[in-house]
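Read off the chains here:
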Amino acid sequence: MSLNLFQDWQRNQGNIKGRLVCIAFRLATTATANKLLFIILIPYLILYRIFVEWFLGIEIPYKTKTGKGLIIYHGQALVVNDGSVIGENCTLRHSTTIGNKQLSDNTFSKCPVIGNNVDIGSNVCIIGPIRIGNSVTIGAGSVIVKDIPDYAVVVGNPARIIKFQGELVY
Ligand SMILES: CC(C)(COP(=O)(O)OP(=O)(O)OC[C@H]1O[C@@H](n2cnc3c(N)ncnc32)[C@H](O)[C@@H]1OP(=O)(O)O)[C@@H](O)C(=O)NCCC(=O)NCCS
Ligand SMILES: CC(=O)OC[C@H](N)C(=O)O
């Protein structure tokens, strides 16, 4: 099991809060490895919930599948459903929601699957069983409820593609 600590540390250069939150998150994710580790880590998971989720207001649950090289800028009011999948080298900011929606039969949809190298601006909602492609840039304040293709730059509510970009270099 790879913790991805090194890649997160590198990508959050100059962003001490992001570094610390990513370390706390990656350590929490080790609880998914097996039942024994989960039991051993219960006290840590409680502390993680209190300090990162409640105190800092950054809800990125330990079960969230997240690729290496995660950046978290600011982070307050960030809420990620643990069914979401986030690819490698993605950037999350503040006041952002990534989650499901309630369906007409009162069940809940699946959550977004986000590709690699996706840069998510502040105040973004990404909702439902949708796929965000690789190397997508999501403008501040966007609301996304449909699939987005690779390399798209999207803005608005509902989000629309304003252009396509070359592959981002990290
Ligand atoms: C989406 C984004 C990457 C586009 O940047 P850009 O390529 O420089 O685009 P431009 O500024 O040339 O804007 C292109 C068009 O999109 C519009 N636009 C840009 N960002 C927008 C947004 N977030 N919401 C709505 N429209 C937006 C512009 O008004 C412009 O429209 P026009 O062609 O009708 O004049 C950028 O505007 C953005 O939102 N980045 C997020 C950054 C962020 O979250 N910062 C917070 C830091 S804490
Ligand atoms: C609020 C702001 O401009 O923050 C800058 C930060 N580098 C970011 O992209 O989130």
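Data block above holds the structure.
First, a word on scope: everything that follows refers to the structure included in this document. Since this is a predicted model, take the numbers as computed values, not measurements.

Position of Cys-125 among the secondary structure elements: in strand S10 (residues 125-127). As for Cys-125 and Val-21, which are separated by 104 residues in sequence, their C-alpha atoms are 21 Å apart. Not counting the four nearest positions on each side in its chain, Cys-125 is found in contact with Thr-97, Ser-142, Val-143 and Ile-144.

This next bit is on the site of ligand 2. Neighbouring ligand 2 are the residues Tyr-73, His-74 and Arg-93. A distance of 3.0 Å is found between an oxygen atom of ligand 2 and a side-chain nitrogen or oxygen belonging to His-74. The side chain of Arg-93 places a nitrogen or oxygen atom 2.8 Å from an oxygen atom of ligand 2. Protein chains shield 43% of the accessible area of ligand 2, which is 300 Å² for the free molecule.

Relative to strand S15 (residues 160-164), strand S14 (residues 152-155) runs antiparallel, the two sharing 4 bridges. When the bridges of S15 are listed, Val-153 appears paired with Lys-163. Taken together, S14 and the strand that follows it, S15, pair antiparallel across an intervening segment of 4 residues, in which Gly-156 is found at a positive phi of about 95 degrees.

Relative to the assigned elements, Ile-23 resides in helix H2 (residues 16-29). Classification of Ile-23 as partly exposed rests on a relative accessible area of 27%. Residues Ile-23 and Tyr-44, spaced 21 residues apart in sequence, show a C-alpha to C-alpha distance of 13 Å. Once residues lying within four places of it in the same chain are set aside, the contact partners of Ile-23 are Leu-5, Trp-9 and Tyr-44.

As a further point, take the sheet that holds strand S5 (residues 85-86). One open sheet holds the 4 strands; their spatial order is S2-S5-S8-S11, and the pairing between them is parallel. Each edge of the open sheet is held by one strand with a lone partner, namely strand S2 (65-66) and strand S11 (131-132). Judged from the 2 bridges that link them, S5 and strand S8 (residues 113-114) form a sheet pairing that is parallel. In the sheet register, Val-85 faces S8, and the bridge partner there is Val-113.

Before going further, it helps to examine the packing of aromatic side chains. Inspection of every chain in the model, using the stated rule, returns 3 aromatic pairs. On the numbers, 6.3 Å between centres and 75 degrees between planes, the contact of Phe-51 with Phe-55 is edge-to-face. Residue Phe-51 and its partner Phe-55 are both found in helix H3 (residues 35-55); the two are separated by 4 residues, about one turn of the helix. Of the residues examined, Phe-51 reaches a relative accessible area of 46% and is grouped as partly exposed. Overall, Phe-55 belongs to the exposed group, its relative accessible area being 66%. The aromatic ring of Trp-9 is capped on one face by Arg-19, whose charged end is 4.1 Å from the ring centroid.

Pairing of side chains with opposite charge becomes possible as their charged atoms draw close. All chains considered together, the criterion is met by 4 salt bridges. Two residues, Asp-8 and Arg-26, come together in a salt bridge whose shortest N-O distance is 2.5 Å. Taken as a pair, Asp-8 in helix H1 (residues 5-11) and Arg-26 in helix H2 lie far apart in primary sequence, 18 residues in all. Note that Arg-93 and Asp-119 form a salt bridge whose closest N and O atoms lie 2.6 Å from each other.

The rules behind these values
Starting from 1, residues in each chain are numbered consecutively following that chain's sequence as written. All chains are assigned letters beginning with A, and all ligands numbers beginning with 1, in the order in which they are written. Given that the model is predicted, a residue must reach a pLDDT of at least 70 before its local features are reported, and side-chain atom pairs must reach 80 or more before they are shown or counted; all residues, however, enter totals for whole chains, interfaces and linings. Note that water and hydrogens are dropped before the side-chain values are worked out from all heavy atoms of the structure. The numbering of helices and of strands both runs from the N terminus, where a helix is a DSSP run of H or I of at least 4 residues and a strand a run of E of at least 2. Residues count as neighbours in contact if any of their non-hydrogen atoms are within 4.5 Å of one another. When we say a residue is near a molecule or strand, we mean one of its heavy atoms is within 4 Å of it. Polar contact is the term for a pair of N or O atoms within 3.5 Å; when the atoms are in protein, one must be able to donate a hydrogen and the other to accept it, and sequence-neighboring residues count only if both atoms are side-chain atoms. Calculation of accessible area relied on Shrake-Rupley with a 1.4 Å probe; when residues are assessed, cover is drawn exclusively from the protein chains displayed. Only strands that DSSP links by at least two bridges are regarded as paired with each other. Only protein chains enter the accessibility calculation, which uses a 1.4 Å probe; a residue whose area is less than 20% of its type maximum is buried, one above 50% is exposed, and one in between is partly exposed. Working definition: a ring pair exists when centres of Phe, Tyr or Trp rings (six-membered ring for Trp) sit within 6.5 Å. Plane angles under 30 degrees give stacked, over 60 give edge-to-face, the rest tilted. Lysine NZ or arginine CZ positioned within 6 Å of the ring centre and within 35 degrees of the ring normal marks a charge as sitting over the ring. Salt bridges are identified by distance alone: a Lys or Arg side-chain nitrogen within 4 Å of an Asp or Glu carboxyl oxygen.

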